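Read off the chains here:
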Amino acid sequence: MTNTHSFSPAVPVHTYQRIVEQIEQAILSGDIPIGSQLASERDLMVQFSVSRPTVREALRVLQSMGLIESKPGTRGGPLVLAPSSKTLGRSFRTMIGTDALSVAELVQYRVILEGSASKLAAQRHTEQQLERMRAAVERMRAAAETNDADFASADLEFHEAVWAASGNQILEMSGQAVSGVLRGMMQRDAEGEHHDNRVKLASAEIDRGLFDAIERRDAAAAGKIARGAVADRFGPLLDESDRAALHLLAE
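Each chain has its residues counted from 1, running along the sequence as written. It should be noted that, the model being predicted, local features are given only for residues of pLDDT at least 70 and side-chain atom pairs only at 80 or more, the latter also being counted only at that level, while totals for whole chains, interfaces and linings use all residues. Where side-chain values are given, they derive from all heavy atoms of the structure, hydrogens and water being excluded.

Visitor: Would you mind going over the overall build of the protein with me for this structure?
Guide: Secondary structure is summarised from DSSP: a helix means a run of H or I of at least four residues, a strand means a run of E of at least two, and numbering begins at the N terminus for each. Check the secondary structure of the protein and you find eleven helices and two strands. Along the chain direction, N to C, the helices and strands of the protein fall in the order α-α-α-β-β-α-α-α-α-α-α-α-α. A 1.4 Å probe rolled over the protein chains alone gives each residue an accessible area, and that area as a share of the maximum for its type sets the label: buried under 20%, exposed over 50%, partly exposed in between. In the protein, which comprises 251 residues, the share counted as buried stands at 38%. About 14,300 Å² of surface is accessible on the protein, with carbon and sulfur atoms providing 52% of the total. Note on areas: Shrake-Rupley with a 1.4 Å probe; residue coverage comes only from the protein chains shown.

Next comes the structure, spelled out in structure tokens:
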């Protein structure tokens, strides 16, 4: 039987994209170490046999990807950066924009992430990290009571403190990336439908409970509260099937 699938016309790839692919692969494979410098523009022109504008366009793309950083006055080429939350966040946004990743999948991932990070934070937190969390939840409560715009910033600060206290850099980086993508949804959930402070007060109360569990080093309770908070906050924004999957992960 003949396959009737139709293909789109082949589109030539720009030369600078080939340069981006090669340098990206060299960085990800470790052939170009994190913290080292790329060759100068002139050297890259020679190696790739291209013009300066082509090299500069490739470097601009690599910088927008968070893989390199150019510093004025520095001798040699741009500095190679370690993967960051910005890099992950950009990938998440791209995947959502191209339908490669749904919002439901991202929310499900955050349930797992928040639950795991909170459990680890309950066991691993230092007194300094605990004080950072305490200050953030107190800011949240104060902002919720007055319906202040500072609430979103305080909320993010609390969760960043929890991710840091987990002692796991991948969880911390992933938390920042996922939160950056979902932040707009969080704000609409808290402010779009209700113009009063009911949603903010409820959220502040939940995070206070999460803080209390972390403070007494109750990992099981901290994980359950964190998972339930994400499911309750984002569940109403999903369809019935995705909601069911979300609450299954939150149990």
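Visitor: What is the right way to read the nonpolar core from this model?
Guide: Nonpolar side chains in soluble globular proteins tend to end up buried together. Definition used in this section: a nonpolar core is a set of buried Ala, Val, Leu, Ile, Met, Phe, Trp, Tyr and Cys residues joined via side-chain atoms within 4.5 Å. Formed by 24 residues in total, the largest nonpolar core has its most connected members in Met133, Phe158 and Ile214. When residues of this core are traced back to their parent elements, those giving at least two are helix H5 (103-124), helix H6 (127-146), helix H7 (150-165), helix H9 (198-215) and helix H10 (219-234). In what follows, residue pairs with any heavy atoms lying within 4.5 Å of each other are defined as contacts. Sequence-distant contacts of Phe158, that is, excluding residues within four places in its chain, are made with Met133, Ala136, Val137, Met140, Asp207, Leu210 and Phe211. Listed in part, the 19 residues of the second largest apolar core include Leu113, Ala117, Val181 and Ala231.

Visitor: Can you walk me through the pattern of salt bridges in this structure?
Guide: Close approach of charged atoms allows side chains of opposite charge to pair. For this analysis, a salt bridge means a side-chain nitrogen from Lys or Arg found within 4 Å of a carboxyl oxygen belonging to Asp or Glu. Under the criterion given, the structure shown has 15 salt bridges. As a salt-bridge pair, Glu157 and Arg132 come within 2.7 Å of each other at their nearest N and O atoms. One end of the pair, Glu157, is in helix H7; the other, Arg132, is in helix H6, and 25 residues separate them in sequence. Residue Glu215 pairs with Arg134 through a salt bridge whose shortest N-O separation is 3.3 Å. Here the residue Glu215 occupies a position in helix H9, and Arg134 occupies one in helix H6, the gap between them amounting to 81 residues.

Visitor: In this structure, what is going on with H7? I would like to understand it.
Guide: The α-helix advances 3.6 residues per turn, and as a result positions three or four apart in sequence lie on the same side. A rise of 1.5 Å per residue sets the reference length of H7, with its 16 residues, at 22 Å; its end C-alpha atoms lie 23 Å apart and thus fit the reference within 8%. What H7 keeps buried is the set Phe151, Ala154, Asp155, Leu156, Phe158, His159, Ala161, Val162, Trp163, Ala164 and Ala165. Gly167 sits one or two positions beyond H7 and adopts a positive phi of about 75 degrees. Working rule for helices: expected span equals 1.5 Å times residues minus one.

Visitor: Looking at this structure, I do not really get the environment of Ala144. What am I missing?
Guide: By the secondary structure assignment, Ala144 is in helix H6. Between the C-alpha atoms of Ala144 and Ser203, which are 59 residues apart in sequence, the distance is 8.7 Å. With near-sequence residues (within four places) excluded, Ala144 lies in contact with Phe151, Asn197, Lys200, Leu201 and Ala204.

Visitor: I tried to follow unusual backbone geometry on my own but got confused; where do I start?
Guide: Glycine aside, negative phi is the norm for most residues, and most peptide bonds take the trans geometry. In this model, Ser49 sits at a positive phi of 55 degrees, which is unusual for a non-glycine residue. Mapped onto the elements, Ser49 comes out in the loop between helix H2 (41-48) and helix H3 (52-64). You will see that Arg217, though not glycine, has its phi angle at about 60 degrees, which is positive. As for its position among the elements, Arg217 is in the loop between H9 and H10.

Visitor: Is there a simple way to think about the packing of H2 against H3 in this case?
Guide: The packing of two helices is summarised by the inter-axis angle and the distance between the axes. An axis is simply a line fitted to the C-alpha atoms; with a helix, the fit covers only the stretch in contact. Between two such axes, the angle follows the N-to-C directions and lies from 0 to 180 degrees. Packing of H2 against H3 leaves a shortest axis separation of 9 Å and a crossing angle of 105 degrees. Classified by the interaxial angle, the pair formed by H2 and H3 is roughly perpendicular. Where H2 approaches H3, its residues Glu41, Arg42, Leu44 and Met45 are matched on the opposing element by Arg52, Val55, Arg56 and Leu59. Charged means Asp, Glu, Lys or Arg here, nonpolar means Ala, Val, Leu, Ile, Met, Phe, Trp, Tyr, Cys or Pro, and polar covers whatever is left, Gly included. A per-class count over the contact of H2 with H3 returns four nonpolar, no polar and four charged. Roughly parallel means an angle under 35 degrees; roughly antiparallel, over 145; roughly perpendicular, 65 to 115; everything else is oblique.

Visitor: Sorry, what's going on with the packing of H5 against H10 here?
Guide: Axis separation between H5 and H10 bottoms out at 7 Å; the angle between their running directions is 155 degrees. The angle between the axes of H5 and H10 places the two elements in the roughly antiparallel class. For H5 against H10, the interelement crossing comes out right-handed. Across from Val107, Arg110, Val111, Glu114, Gly115, Ser118, Lys119, Ala122 and Gln123 in H5, the residues of H10 making contact are Ala219, Ala222, Gly223, Ala226, Arg227, Val230, Ala231 and Phe234. By residue class, the composition of the contact of H5 with H10 is nine nonpolar, four polar and four charged. Two helices that cross are described as forming a left-handed crossing if the nearer one is turned anticlockwise from the farther one by less than a right angle, and a right-handed crossing if clockwise.

Visitor: So what exactly am I meant to see when it comes to the confidence of the model for the protein here?
Guide: pLDDT is a residue-level measure of predictor confidence that goes from 0 to 100. When pLDDT is averaged across the protein, the result is 86; 83% of the residues are at 70 or more. Within the protein, the element-level pLDDT minimum falls on helix H4 (residues 85-97), averaging 65, and the maximum on H6, averaging 96.

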